[in-house]
Amino acid sequence: MRANSVGWLLLTPTLPILFVFGVIPFLYVLVIGFMNWNSFAANPDMQFAWAENFRRLVFDDQFLYSLWLTLKFAFFAVLSEIVLGYFLAQLFMKDFPGKGFFRTIHTLPLVIAPIAVGATWRLLTVPGLGPLPYYLNRWLGYEFNISRYIDQAFFTTVVMDVWHWTPLVTLTLLAALSSLPKEPFEQAQIDGANRFQIFWHITLPLLKPAILATVFIRMMDALRTVDEVWMLTGGGPGAATRYIGLHIWRVVFPKTDYGYGSAMSLITLYLTIVMCWMLYAGLVARRDLKRAE
Amino acid sequence: MMRRFRKRASASLGSILFWTLSSLITLLPIYWMFAVSAKSRVQLFGSPSFVISSFFTENYTSTLADSAFQRYMFNSVVVATANALLVTTLALLATYALSRYKLPGKENLFFWTITNRMAPPAVFLLPLFLLYTQVFVVADVKLFDTKIGLILLYCVFNLPFAIWTLRGVIDGIPKELDEAAFVDGANTWQVLTKVILPLAKPGLAVTGILTWVFAWNEYLFAATLTSVHARTITTGLAEFVTVTGTNWGRMAATAMLTLVPALLVLGLAQRHIVAGLTFGAVKE
């Protein structure tokens with residue numbers, strides 16, 4: 001076919017940028033991960049420490065707790081977004097007056113900066129100012145205080161993430177749904193399949209690549225959430241919403257434990273890549289299967 | 001006939017009711033932010049009320065008159081726009097190469113590009129800070145606190161996203177079209193601009209807009225890698241939260257103002273947004 005050199009030429013501007021601003025910092029983190037380096041320590045200089053940082057990680061309850069919290073957060077947030085997003089996308093498949101208008105409103109949270117989303121939800125939930133604690137207490141007698149109750153804080157971060165990112169899922173699934181072929185559905189109706197059977201045996205398999213791709217992009221971003229949670233709860237109460245991004249930030253900046261923080265982010269990055277690679281392998285396997293047919 | 005019409009009308013009514021309710025849920029936090037921005041300190045505390053009895057304009061007038069706010073806003077517009085243009089152009093070229101050429105290891109390369117987006121941003125702050133202040137220095141010129149530094153850096157998370165989104169779009173354009181153009185004697189550049197570009201327009205528009213939004217919204221890197229000259233509006237927003245207390249009204253007003261450009265961009269995108277967002281998964 002055409003010369004591969006042209007292909008590489010087209011990739012030329014992209015790869016150096018990713019190399020300089022992505023790979024070099026990564027390599028740097030990789031090196032620091034094996035060093036003892038803490039500006040507040042007795043000896044603030046860098047020293048080679050073998051795999052000491054990684055050994056510490058395995059026994060670090062705070063790190064493991066934060067990792068577990070992050071996974072819990074990503075799981076609940078992404079699952080709710082996919083279910084809700086699918087449901088809303090199906091509703092957008094129907095024609096009704098004002099559809100474009102409602103779709104625009106539904107897309108609105110997507111363009112708000114995470115830091116502003118955090119600020120918005122903080123304004124809603126901060127005791128003494130926000131309407132949520134006030135009215136929940138007044139109408140239902142329910143004490144809502146996310147700076148005090150662990151479960152409420154966790155739940156609020158999930159709800160905030162769902163509010164912010166469900167529109168993205170709705171839009172991607174809507175794009176996928178509108179490009180599905182019509183014949184299998186018509187055939188199934190002729191054969192007398194009920195709605196659940198159509199969903200389970202036709203819609204879901206056909207949508208699987210789109211759903212996987214959406215889960216992929218959402219999970220990746222949920223695992224590295226920082227701004228909005230930092231603005232909403234600051235990681236608290238205690239460490240109840242200190243997700244891994246915030247935890248690493250705390251270790252690296254206020255505590256200046258650079259070596260340990262680097263080791264921590266290497267492990268986190270590794271886990272994220274493994275999880276996403278599994279999803280991606282699922283996607284590619286499907287694609288290749290289809291091509292073979 | 002009549003019955004069918006009625007059935008359809010009631011279904012529409014159901015949809016409209018449902019979406020009205022759903023829109024209220026979507027809008028409630030935004031409306032509350034607006035309400036806070038339109039109230040004075042005295043009006044804010046006490047019982048929270050959704051009613052804006054008298055519009056307190058000072059939060060807006062003092063924000064708009066603030067020279068720091070104006071500079072932040074200008075910086076954000078420049079950084080986001082330049083980054084979106086750069087990313088979309090580079091991603092189009094890269095995606096075309098990944099889609100059409102039999103490059104060895106290209107699936108791995110494709111996946112590798114996206115791993116650049118997975119890293120927890122917090123820890124890359126440190127190496128980037130050192131690179132920007134000490135390594136990428138020519139004579140007196142540093143990347144630290146420059147707009148160009150942010151524009152280039154944002155490529156790290158925006159390029160992977162753009163390549164990932166465009167992959168489906170480019171794969172969806174039949175190869176036969178470019179083959180035909182090549183047979184007619186076109187070169188790669190002409191194929192890209194005359195065949196691919198027009199067909200990929202909706203996808204490119206969405207990619208450009210979303211990368212713009214991501215760049216506009218970025219906070220952590222901007223907060224660390226700038227100090228005075230290149231600070232963006234998101235860092236300005238965070239500056240309202242201080243140890244001594246938060247000026248909620250000013251913060252809400254600033255947040256509302258940062259929404260305006262994003263809304264304009266969203267309005268432009270509405271037409272294309274569904275057609276473009278296929279994430280490489282649908283058209284095969």
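Within each chain, residues carry numbers counting from 1 in the order of the written sequence. Written order determines the labels here, with chains lettered from A and ligands numbered from 1. Since the coordinates come from a predicted model, pLDDT governs what is reported: local features require at least 70, and pairs of side-chain atoms require 80 or more to be given and counted, while whole-chain, interface and lining totals use all residues.

A. Region of interest: the overall build of chain A. Only runs of H or I of at least four residues qualify as helices and only runs of E of at least two qualify as strands under DSSP, and these elements are numbered from the N terminus. For chain A, the helix and strand inventory stands at 13 helices and two strands. Three exposure classes are used. Buried residues have 20 or more other C-beta atoms within 10 Å of their own C-beta, exposed residues have 12 or fewer, and partly exposed residues fall in between, all C-beta atoms being placed from the backbone. Burial analysis of chain A (293 residues in total) assigns 42% to the buried set. Within chain A, contacts between residues separated by at least 24 positions form 71% of all contacts whose residues are at least 6 apart in sequence. A pair of residues counts as a contact when their C-beta atoms, built from backbone coordinates, are separated by no more than 7 Å.

B. Structural detail: the domain arrangement of chain B. All names here are of chain B. Domain delimitation in this document rests on an assignment produced automatically or drawn from a domain database. What the domain assignment lists for chain B is domain 1 (1-56) and domain 2 (58-276). Between domain 1 and domain 2, the C-alpha centre-to-centre distance is 32 Å. Facing nine residues of domain 1, the contacting portion of domain 2 comprises eight residues. Listing elements by their share of the side of domain 1 that touches domain 2, those giving two or more residues are helix 1 (2-37) and helix 2 (41-44). Tallying contributions element by element places helix 1 first for the side of domain 1 that touches domain 2, with four residues. When its residues are assigned to classes, the side of domain 1 that touches domain 2 shows five nonpolar, two polar and two charged. Gly is placed with the polar residues, together with every amino acid not listed as nonpolar (Ala, Val, Leu, Ile, Met, Phe, Trp, Tyr, Cys and Pro) or charged (Asp, Glu, Lys and Arg).

C. View of the interface of chain B and chain A. Contacts between the two partners involve 80 residues from chain B, matched on the other side by 82 residues from chain A. Secondary structure elements with two or more residues in the side of chain B that touches chain A: helix 1, helix 4 (67-100), helix 5 (106-115), helix 6 (121-135), helix 7 (147-172), helix 9 (188-217), helix 11 (233-238) and helix 12 (248-276) of chain B. Broken down by class, the residue content of the side of chain B that touches chain A amounts to 59 nonpolar, 16 polar and five charged.

D. Layout of the confidence of the model for chain B. Residues and elements named next belong to chain B. Of the residues in chain B, 92% reach a pLDDT of 70 or more, and the chain-wide mean stands at 83. Per-residue pLDDT, averaged within each element of chain B, yields its smallest value for strand 3 (residues 241-242) (72) and its largest for helix 4 (92). Each residue carries a pLDDT score, the predictor's confidence in it, ranging from 0 to 100. Residue range residues 280-284 is modelled with pLDDT below 50. Its contacts to residues more than four positions away, or to other chains, number 22 contacts. With a pTM of 0.85, the predicted complex shows an ipTM of 0.82.

E. Focus on unusual backbone geometry. A positive phi angle, near 50 degrees, is found at Thr256 of chain A, a position not held by glycine. Mapping Thr256 of chain A onto the fold places it in the loop between helix 12 (244-252) and helix 13 (258-292). The partly exposed category is assigned to Thr256 of chain A, around which 16 C-beta atoms lie within 10 Å. Phi angles above zero are rare outside glycine, and Asp145 of chain B is one such case at about 60 degrees. In this fold, Asp145 of chain B is placed in the loop between strand 2 (141-142) and helix 7.

F. Layout of the UniProt feature "transmembrane region" (unreviewed entry) in chain A. All names here are of chain A. UniProt positions are given in the numbering used here, feature names are shortened, and annotations may be inferred rather than shown by experiment. Using the residue numbers shown here, the UniProt feature "transmembrane region" (unreviewed entry) corresponds to residues 7-35, 63-89, 101-124, 153-177, 198-220 and 263-285. Across residues 63-89 one finds 100% helix and 0% strand; the C-alpha atoms that close the span lie 38 Å apart. With 75% helix and 0% strand, residues 101-124 has end C-alpha atoms that lie 25 Å from one another.

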